[in-house]
Amino acid sequence: MKKLLCLLVALVVPTIAWAQYPNKPIRMIVPFAPGGASDFVGRILQPRLTELLGQQIVVDNRAGASGNIGMDAAAKSAPDGYTVYLGNVGTVALNPSVFPKLTVTPTKDFIAITQVVDVPGVMVVNPVKDLIAVTQVVDVPGVLVAHPAFPPSTVKELVEYAKVNPGKLNYASPGAGSQNRLEMEVFRKVAGGLDMVHVPYKGGAGPAVAGLVGGETHLMFVTASSAMNHVKSGRLRLIAVTSAKRLEAFPDAPTMAESGYPELTSGSWQGIFVPTGTPKDVVDKLYGAIMETMKTAEVRQRLANGGVEVVTSAPGEFAQFVARETDRWGKAVREAGATAE
């Protein structure tokens, strides 16, 4: 009888614990520094999620290694619902191909990035296996922008200009394996093999955009939220957008598809993930709270003001979407030969 009682207690106590979830603050890991698109989205979601869940959502910026440090920290956290991860297309869909021989290893005082050179390796964290895809939350449209002094003002003019000036145009990006760089590589290929020089920076929303504004480079693909203020002030020229439809903020700017390049329809999506092993009841509760958050008028308006579109999906649908995006960008990485520098 005593053993039976102990067994019943063991089965019931976890159920009661999860039913009371959450009963302490929840950490939201953002794998980039404050000020970028991911941090922008996370901090807009934070107040409403806190209100709905009844516990403080604490934004934890874990920047470094193109987002690998933050993703590693999230995947290795306890699967108890008290760590959620705001991942994006770069960290989840691109990095596994861009960093095929990197391991992300925690040490006593810091998280170190170690190159594996003796055996064919893969990232220690496999986003598909080590993270549960809860839901997409937003899509951050991309834009093709140029310095105001750059002569072409349309995609057609840009292609023609590049063809008569081979090797004389350069483009900025946040790094060799970034989505922004890969978008340009796809564009160069489908436009007939444009000869342009890649100028990598350590960061997109900050250094790369600043370099373009300062005239160090000619053009780049970047998120609309990162370029919006510069375009409105005239410090950058908007040539086209990569979204499937025109942006409300820039109704006169054509899409890349309208300009003849449907292959360049893409966005910097972001979504919520939790460590594999997190109980389904907890995942369901998080999913419900996130859905209510994304329906909130104030949240949607604040995101829209920053050029961000609300896009949500059920966990299973989001997992399938992530798998397709991983295949898509993995192919782009292989064709471009884009690896971590």
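Since this is a predicted model, take the numbers as computed values, not measurements. (Residues numbered from 1 in each chain as written. Predicted model: local features only at pLDDT ≥ 70, side-chain atom pairs only at ≥ 80, totals over all residues. Heavy atoms only, no water.)

## Describing the pattern of salt bridges
Stage number 1. A full pass over the atoms with the stated rule returns twelve salt bridges.
Stage number 2. When salt bridges with common partners are traced through the structure, they connect Arg27, Asp60 and Arg62 into a single cluster. (Salt bridge = Lys/Arg side-chain N within 4 Å of Asp/Glu carboxyl O.)

## Overview of the pairing of strand β3 (residues 83–88)
Stage number 1. Burial within β3 is extensive, with six of its six residues counted as buried.
Stage number 2. Side-chain alternation along β3 places Thr83, Tyr85 and Gly87 on one buried face and Val84, Leu86 and Asn88 on a second face that is also buried.
Stage number 3. Pairing between strand β1 (residues 26–30) and β3: three bridges, direction parallel. Note on β3: the bridge partner recorded for Arg27 is Thr83.
Stage number 4. Where β3 lies against strand β11 (residues 267–275), four bridges are found, and the strand directions are antiparallel. (Buried < 20%, exposed > 50% of the residue type's maximum accessible area, 1.4 Å probe, protein only. Helix = DSSP H or I, 4+ residues; strand = E, 2+ residues; numbered from the N terminus. Pairing = 2+ DSSP bridges.)

## Let's talk about unusual backbone geometry
Where the residue is not glycine, phi is negative for most of them; where a peptide bond is considered, it is trans in most cases.
Stage number 1. Residues Tyr21 and Pro22 are joined by a peptide bond in cis, for which omega reads -5°.
Stage number 2. Here Pro22 lies in the loop between α1 (2–19) and β1.

## Focus on the pairing of strand β7 (residues 169–173)
Stage number 1. With five of five residues buried, β7 is to be regarded as a mostly interior element.
Stage number 2. What you see with β7 is no split at all: Leu169, Tyr171 and Ser173 on one side and Asn170 and Ala172 on the other are buried throughout.
Stage number 3. Since β7 and strand β8 (residues 196–200) lie parallel, the crossover through helix α7 (residues 179–190) that links them has a hand, and here it is right-handed. (Right-handed = clockwise from strand over helix to strand, strands pointing away.)

## What to know about the packing of aromatic side chains
Stage number 1. Enumeration according to the criterion identifies nine aromatic pairs in this entry.
Stage number 2. Ring centres of Phe150 and Tyr161 lie 5.6 Å apart, and the angle between their planes is 80°; this geometry places the pair in the edge-to-face category. You can see Phe150 sitting in the loop between β6 (131–146) and α6 (155–164) and its partner Tyr161 sitting in helix α6, a full eleven residues away along the chain.
Stage number 3. When its relative accessible area of 28% is taken as the criterion, Tyr161 is described as partly exposed.
Stage number 4. Centroid distance Phe187 to Tyr261: 5.3 Å. Interplanar angle 85°. Geometry classified as edge-to-face. Within this pair, whereas Phe187 is found in helix α7, its partner Tyr261 is found in the loop between β10 (237–241) and β11, the two being separated by 74 residues in sequence.
Stage number 5. We classify Tyr261 as buried; its relative accessible area is 14%.
Stage number 6. Through successive ring pairs, a cluster of aromatic residues spans Tyr85, Trp269, Phe273, Phe318 and Phe321. (Phe/Tyr/Trp six-rings, centres within 6.5 Å; stacked < 30°, edge-to-face > 60°.)

## Some words on α6
Stage number 1. Burial in α6 covers these residues: Val155, Leu158, Val159 and Ala162. All buried residues of α6 fall inside an arc of 95° around its axis, so they share one side. Among the exposed residues of α6, those oriented more than 90 degrees off its buried face are Lys156 and Val164.
Stage number 2. Its buried side turned inward, α6 meets β6, β7, α7, β9 (219–223) and β10. (Arc of directions from axis to C-beta. Contact = heavy atoms within 4.5 Å.)

## Thoughts on the packing of helix α2 (residues 37–53) against helix α10 (residues 280–295)
Stage number 1. Contact geometry of α2 with α10 gives a least axis separation of 9 Å together with a crossing angle of 125°. Classed by the angle they form, the pair α2 and α10 counts as oblique. For the crossing formed where α2 meets α10, the hand is right-handed. Residue-level contacts link Leu45, Arg48, Leu49, Leu52 and Leu53 of α2 to Lys285, Leu286, Ala289, Ile290, Glu292, Thr293 and Met294 of α10. (Axes fitted to C-alpha atoms, helices over the stretch in contact; angles between N-to-C directions. Parallel < 35°, antiparallel > 145°, perpendicular 65-115°, else oblique. Left-handed = near helix turned anticlockwise from the far one by under 90°.)

## Digging into the side chain of Ser268
Stage number 1. Mapped onto the fold, Ser268 is located in strand β11.
Stage number 2. Setting aside residues up to four positions removed in sequence, Ser268 forms contacts with Asn88, Val89, Asp139, Val140, Gln179 and Thr223.

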